[in-house]
Amino acid sequence: MSTDLLWRLNRPPRATTVVGGLYLVAAGSHVGLVSADPTVYEGFAEQGLLGFVRSGWADIVMAHPRAWIYLLALGEATLGALLLTGARASRAGWVGVLAFHALLLLFGWGFWLYAVPAGALLAWFARRDLPALTGGSGHGEGDGPEGPSPSVRHPEERVAAALRPGRSGRRP
């Protein structure tokens, strides 16, 4: 069985791939920035909307900035990898990306200028891509009376269906 065929059957849609790649790049940039200067994120939460955000950042995160920013980068890299994995993992990745952007709102009104439009665009991408990632209408398994749609069945069944004569190897 060709790995190329398996990739074509399971690859995530373009927006999911781009956002996943951006999250991997962001993770790497955070690691690079905090490795070069651990105090680079010192003022990040100064405009936080709630006191616990400001004090938590100053007292907890900035007490050990490398460790906490590395954990943040690990989380971003995990979200990027989930999105790039395709199928059900991408659904979890999209949930994490949207939650990440929602949490940015706690860091001050300036973040609203970025996170609200970005979150809306990301939600639109996620809604558009979810049917291709989960198979069917995006409502989960068993979309119809005949059971799960072909892209929700086991991977072996999808490969067998793709190899049948008259099939182009693309999802239905």
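If you're wondering where the values come from, they're calculated on a predicted model, not measured in any experiment.

A. Region of interest: a nonpolar patch on the surface. A contiguous nonpolar patch, built from Leu49, Leu50, Phe52, Trp109, Trp112 and Val116 and spanning about 610 Å² of accessible area, is present on the exposed surface. The element that contributes the greatest number of residues to the nonpolar patch is helix 6 (residues 109-134), accounting for three residues. For Trp109, the position within the fold is in helix 6.

B. Molecular detail of helix 6. For helix 6, with 26 residues, the first-to-last C-alpha span of 35 Å sits near the 38 Å given by 1.5 Å per residue. Arg128 marks where helix 6 bends most, by close to 35 degrees; the proline Pro131 follows one to four residues later. Where helix 6 is concerned, the buried positions are Ala115, Ala118, Gly119, Leu122, Phe125, Ala126, Asp129, Leu130, Leu133 and Thr134. For helix 6, the elements touching its buried residues are helix 2 (14-36) and helix 5 (87-104).

Rules used throughout
- Residues numbered from 1 in each chain as written.
- Predicted model: local features only at pLDDT ≥ 70, side-chain atom pairs only at ≥ 80, totals over all residues.
- Heavy atoms only, no water.
- Patch = residues over 30% accessible without salt bridge, like charges linked within 9 Å, V, L, I, M, F, W, Y side chains within 5 Å.
- Areas by Shrake-Rupley, 256 points an atom, 1.4 Å probe, with all protein chains shown as cover.
- Salt bridge = Lys/Arg side-chain N within 4 Å of Asp/Glu carboxyl O.
- Helix = DSSP H or I, 4+ residues; strand = E, 2+ residues; numbered from the N terminus.
- Expected span 1.5 Å × (residues − 1).
- Bend = angle between axes of the 7 residues up to and from the residue.
- Buried < 20%, exposed > 50% of the residue type's maximum accessible area, 1.4 Å probe, protein only.
- Contact = heavy atoms within 4.5 Å.

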